[in-house]
Amino acid sequence: MFKDRVIVITGSVQGIGKRTAELLAEREAHVVVNSRTTEKVNATVAEFEAKGYSVLGVTGDVSNFDFCIEMHDLVMAKFGRVDYLINNAGLAAKGTISETQANVYQKMYAVNVLGSLFPTMAFLPEIKKTKGGVLFISSMAGIIGLPSYSAYSGTKRSIVSLAESLKNELVDDEVYIGVNYPGFTENDAKKEILSPSGEANVMIKREGVKVEPLDKTVNKIIRQIEKRKFRSYSSYKGRALQTMYRLFPTLSLFALKKNRRKIMDMQ
Ligand SMILES: NC(=O)c1ccc[n+]([C@@H]2O[C@H](COP(=O)([O-])OP(=O)(O)OC[C@H]3O[C@@H](n4cnc5c(N)ncnc54)[C@H](OP(=O)(O)O)[C@@H]3O)[C@@H](O)[C@H]2O)c1
């Protein structure tokens with residue numbers, strides 16, 4: 001299904017995005033990798049080319065609309081079409097609303113929300129022509145607002161609304177739209193998280209929570225696109241949380257209240 005398809009994956013020089021790009025390239029897709037850091041983009045391109053993959057690297061910030069248009073132009077110049085966009089680039093942040101600086105929210109909403117919307121706006125005209133699709137990477141944290149993760153939960157939930165609007169706007173165009181909800185997934189050693197004052201700190205290894213293997217999360221993403229499913233969860237916990245919240249919102253918020261300390265103390 002992915003052979004000769006052109007697939008743009010934002011934020012794809014490490015972690016979930018990079019592995020998704022790699023597995024799609026293995027299946028003979030032409031992949032576009034991206035991040036804000038030239039060295040990381042160049043290293044990923046070199047690594048993929050050494051494996052014989054078809055790849056284009058584009059450095060830039062997806063929360064900047066002009067950059068998204070430039071990325072579109074570079075992809076069209078190299079491959080002449082776009083089939084799928086995976087809006088994977090995202091930042092993590094932790095801190096209560098009382099302690100978090102305003103600029104952290106500005107950055108989180110810019111990257112996680114506009115950084116998913118702007119590439120979609122840039123690539124959509126081409127994706128309509130190919131009847132491909134757009135997948136948004138949300139999170140289990142986008143199902144319910146977690147204490148100490150308001151910036152992350154809020155932005156990941158906004159993405160779901162965007163996807164829902166888009167899905168119905170594009171019914172007649174036969175464009176696929178999906179939302180993926182990864183659970184805690186094995187991190188890249190360089191993954192960062194913003195502190196309440198806005199410093200980017202390397203995320204310490206998560207203790208005391210079950211972490212999904214990277215390939216499990218990535219294979220779910222790829223299968224979801226193949227099946228053109230609207231929602232997919234990397235763990236049964238995500239699906240259970242979604243079902244519980246939909247059916248019993250008050251009970252879900254009560255359970256969250258009972259577990260708030262554990263969540264707020266989680267690293
Ligand atoms: N890992 C998990 O447990 C988990 C769970 C649920 C959801 N998710 C979601 O899954 C996605 C990938 O997660 P991950 O853990 O693999 O992330 P990650 O290791 O932090 O990688 C994110 C990538 O995005 C790039 N990036 C960040 N801001 C960008 C921007 N403005 N423009 C372009 N690229 C940007 C980063 O590179 P540069 O810094 O070089 O730009 C980095 O390569 C994220 O959306 C995340 O929220 C992850």
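Parameters at a glance
Residues numbered from 1 in each chain as written. Predicted model: local features only at pLDDT ≥ 70, side-chain atom pairs only at ≥ 80, totals over all residues. Heavy atoms only, no water. Pairing = 2+ DSSP bridges. Helix = DSSP H or I, 4+ residues; strand = E, 2+ residues; numbered from the N terminus. Axes fitted to C-alpha atoms, helices over the stretch in contact; angles between N-to-C directions. Buried < 20%, exposed > 50% of the residue type's maximum accessible area, 1.4 Å probe, protein only. Salt bridge = Lys/Arg side-chain N within 4 Å of Asp/Glu carboxyl O. Near = heavy atom within 4 Å. Polar contact = N/O pair within 3.5 Å; in protein donor to acceptor, adjacent residues only side chain to side chain. Areas by Shrake-Rupley, 256 points an atom, 1.4 Å probe, with all protein chains shown as cover. Contact = heavy atoms within 4.5 Å. Core = buried A, V, L, I, M, F, W, Y, C linked by side-chain atoms within 4.5 Å.

(A) Geometry of the sheet that holds strand β4 (residues 84–87). Sheet architecture is open: seven strands sit in the order β3-β2-β1-β4-β6-β7-β10, paired in parallel fashion. Of all strands in the sheet, those with a lone pairing partner are β3 (54–59) and β10 (231–233), marking the two edges. Taking the axes of each pair of neighbouring strands and ignoring which way they run, one obtains an average angle of 15 degrees across the sheet. Bridge count between strand β1 (residues 6–9) and strand β2 (residues 30–35): four bridges; the pairing is parallel.

(B) Spotlight on the pairing of strand β6 (residues 133–137). Burial runs high along β6: five of the five residues are buried. Burial along β6 is two-sided: the face carrying Gly133, Leu135 and Ile137 and the face carrying Val134 and Phe136 are both buried. Of the pairings in the sheet, the one linking β6 to strand β7 (residues 176–181) comprises five bridges and is parallel in character. Note that in β7 the partner of Phe136 across the bridge is Val179.

(C) Representation of the pattern of salt bridges within the structure. Following the criterion strictly, the structure yields 13 salt bridges and no others. Of the charged contacts, one joins Asp215 and Arg19 as a salt bridge, the two residues approaching to 2.7 Å between their closest N and O atoms. Taken together, the positions of Asp215 in helix α6 (residues 214–227) and Arg19 in helix α1 (residues 15–26) put the pair 196 residues apart, joining distant regions of the chain. Taking relative accessible area as the criterion, Asp215 reaches 30% and is therefore assigned partly exposed. A salt bridge links Glu126 to Lys129; the nearest nitrogen and oxygen atoms lie 3.2 Å apart.

(D) Representation of the site of the ligand. Near the ligand lie 30 residues; those nearest to it are Arg36, Thr37, Asn88, Tyr152 and Thr185. Within the backbone of Ile16, one N or O atom sits 2.8 Å away from an oxygen atom of the ligand. Taking Arg36, its side chain carries an N or O atom lying 2.7 Å from an oxygen atom of the ligand. Summarising the interface, the protein chains cover 95% of the accessible area of the ligand, which totals 890 Å² for the free molecule. Elements represented by at least two residues in the shell around the ligand include exactly α1, β2 and α5 (150–169).

(E) Just the environment of Gly17, in detail. Position of Gly17 relative to the elements: it lies in helix α1. Residues Gly17 and Ser138 lie 121 residues apart in sequence; the distance between their C-alpha atoms is 13 Å. Apart from the residues lying within four places of it in its own chain, the contact partners of Gly17 are Ile9, Gly11, Ser12 and Asn88.

(F) Region of the structure containing the nonpolar core. The biggest cluster of nonpolar side chains holds 50 residues, and the ones touching the most others in it are Val8, Val32, Met71, Val75, Met108, Phe123 and Ile177. At the level of secondary structure, the elements contributing two or more residues to this core comprise β1, β3, α3 (65–79), α4 (102–130), β6, α5 and β7. Ranked by residues supplied to this core, first place goes to α4 with eight residues. Residue contacts for Phe123: discarding those within four places in its chain leaves Val8, Met71, His72, Val75, Val82 and Leu85. By size, the runner-up hydrophobic cluster in this structure holds 27 residues, among which are Leu24, Ala25, Val41 and Leu135.

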